Amino acid sequence: MPEQGDLVVVTIREVQNYGAIVQLDEYPGISGFIHIAEVATGWIKHIKDFVRVNQRTVCKVLNVDNNRRHVDLSLKRVNEHQKREKIEEWKNDQKAYKLLEIVSKEANITDKGLMKNIEDYLISEYGSVYDAFFDAASNKDFMKDKNEPWKDIFIKVSKENISIPMVKIGGEIDMYSLASNGIDLIKNALDIGDTKNIDLTYAGSPKYRISVVDEDYKSAEEKLKNVLEMISTRCKKNNISYSFARDEQ
């Protein structure tokens, strides 16, 4: 059963004049009711203007009746940002449990008790099954101290099915040299080799564009910082005028 104050994903099953009956998608067998006063702010002339049968939405739990396995809900107390976040979380959970079934099949795990133990372990260590899959897809050190027989299959399934969102940061470098071999000095200063996920392009003298793409801002910021420090050091050594202007986020 959910707790008072929780946000829950529901599907509208019946719309009546005084409210809507719903099922809680995350809690099998649990029903809920949204009183017309909790459907929307202001006066409601036609409730069907706001809810419809088979509509999936997000509600806030107002009251829980454990004996009846029933909850009272509010639709109007959930803002659009909360709704988007909760639906995304719910979709991720749905995907995660389907992936866990794939892991079970490929690892030839038929013991439901064992799978429940694996699920409980992932939730306790990573917060949710989806977060465990996400970590396995993006982190080389996933379960590095564990030698579970299903670990390699879990990582493989994660990498095949979880897309890691990428962030991009960068800016404009302005540099010039009055030396006779200034062009060569600038080329040398900008030589960062074949650096993965870092792009350095000519933007018309004396400007150059640099961008870093990575899985998270912390890692991207570190890479950008290191490259700029290397370029700056070379510029100082060879008396090259140098400045960097960061792109606005």
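Keep in mind it's a predicted model, so treat the numbers as computed, not measured.

About the criteria used
Note that residues are indexed from 1 along each chain, following the sequence as it is written. Local features in this predicted model are restricted to residues whose pLDDT is 70 or higher, and side-chain atom pairs enter the listing and the counts only when it is 80 or higher, whereas totals over whole chains, interfaces and linings include all residues. Values shown for side chains rest on all heavy atoms present in the structure; no hydrogens or waters enter the calculation. Salt bridge, as applied in this entry: a Lys or Arg side-chain nitrogen positioned within 4 Å of an Asp or Glu carboxyl oxygen. Only runs of H or I of at least four residues qualify as helices and only runs of E of at least two qualify as strands under DSSP, and these elements are numbered from the N terminus. For every residue, the accessible area obtained with a 1.4 Å probe (protein chains only) is divided by the maximum for its type, and the residue is called buried under 20%, exposed over 50%, and partly exposed between those limits. Strands qualify as paired when DSSP identifies two bridges or more between them. The convention used is that axes are lines fitted to C-alpha atoms, helices contributing only their stretch in contact, and that angles between N-to-C directions extend from 0 to 180 degrees. The labels follow the angle: roughly parallel below 35 degrees, roughly antiparallel above 145, roughly perpendicular from 65 to 115, and oblique for the rest. With the far helix as reference, a near helix turned anticlockwise by less than a right angle produces a left-handed crossing, and one turned clockwise produces a right-handed crossing. Throughout, a residue-residue contact means that at least one pair of heavy atoms, one from each residue, lies within 4.5 Å. A helix is expected to span 1.5 Å for every residue after the first. Working definition: the arc comes from the directions between the helix axis and the C-beta atoms, pointing outward to the latter. Residues adjacent in sequence count toward polar contacts only when both atoms are side-chain atoms; beyond that, a polar contact is any pair of N or O atoms within 3.5 Å, and within protein one must be able to donate a hydrogen and the other to accept it. When residues are sorted by character, Ala, Val, Leu, Ile, Met, Phe, Trp, Tyr, Cys and Pro go into the nonpolar class, Asp, Glu, Lys and Arg into the charged class, and all the rest, Gly among them, into the polar class.

Caption draft 1: The arrangement of the pattern of salt bridges in detail. In total, this model carries 14 salt bridges according to the counting rule given. Among the salt bridges present, the one from Glu160 reaches Lys156, with a minimum N-O distance of 3.5 Å. Of this pair, Glu160 and Lys156 both sit in helix H4 (residues 151-161), four residues apart, which is roughly one turn of that helix. Residue classification places Lys156 among the partly exposed residues on the basis of a relative accessible area of 35%. A salt bridge links Lys207 to Asp174; the nearest nitrogen and oxygen atoms lie 3.1 Å apart. Of this pair, Lys207 sits in strand E8 (residues 207-214) while Asp174 sits in strand E6 (residues 167-176), placing them 33 residues apart in sequence. Assessed through its relative accessible area of 29%, Lys207 is described here as partly exposed. Look at Asp174 and you get partly exposed, because its relative accessible area is 22%.

Caption draft 2: Representation of the sheet that holds strand E4 (residues 56-65). A barrel is described by the order of its strands in space; here five strands give the closed sequence E1-E2-E3-E5-E4, paired in mixed fashion. Between one strand and the next, the sheet's axes are offset by a mean angle of 50°, whatever the strand orientation.

Caption draft 3: Representation of the packing of helix H1 (residues 80-106) against helix H2 (residues 112-126). Where H1 meets H2, the axes come as close as 12 Å, and the angle between the chain directions of the two elements is 130°. The pairing of H1 with H2 is recorded here as oblique in orientation. When the axes of H1 and H2 are compared, the crossing they make is right-handed. The segment H1 lies against H2, with Tyr97, Leu100 and Ser104 engaging Met115, Glu119, Leu122 and Ile123.

Caption draft 4: The arrangement of helix H6 (residues 217-237) in detail. End to end, H6 covers 30 Å across 21 residues, agreeing with the expected 30 Å (1.5 Å per residue, within 8%). Of the residues making up H6, those classed as buried are Ala220, Leu224, Val227, Leu228, Ile231, Ser232 and Cys235. Projected down its long axis, H6 carries its buried residues within an arc of 140°, all on one side. The exposed residues of H6 that point more than 90 degrees off its buried face are Lys218, Thr233, Lys236 and Lys237. The inward-facing, buried residues of H6 abut E6, helix H5 (182-189), strand E7 (198-202), E8 and strand E9 (241-246). A positive phi of about 55° marks Asn239, the residue just after H6.

Caption draft 5: Quick look at the side chain of Asp25. Looking at the secondary structure, you find Asp25 in the loop between strand E2 (19-24) and strand E3 (31-35). When its relative accessible area of 17% is taken as the criterion, Asp25 is described as buried. In this structure the side chain of Asp25 is engaged in a polar contact, spanning 2.9 Å, whose partner is the side chain of Thr11. Setting aside its immediate chain neighbours within four residues, Asp25 contacts Val9, Val10, Thr11, Arg56 and Trp90.

Caption draft 6: Representation of the pairing of E7 in the model. Note that E7 and E8 share five bridges and pair antiparallel. Counterpart to Tyr202 in the pairing with E8 is Tyr208.

Caption draft 7: Broad picture of the packing of H2 against helix H3 (residues 129-138). Relative to each other, H2 and H3 sit at 75°, their axes nearing to 8 Å. When the axis of H2 is compared with that of H3, the two are roughly perpendicular. Touching Glu119, Leu122, Ile123 and Tyr126 of H2 are Val129, Asp131, Ala132 and Asp135, all from H3. Looking at the contact of H2 with H3, its residues break down into five nonpolar, no polar and three charged.

Honestly, it's all geometry; don't read function into it.
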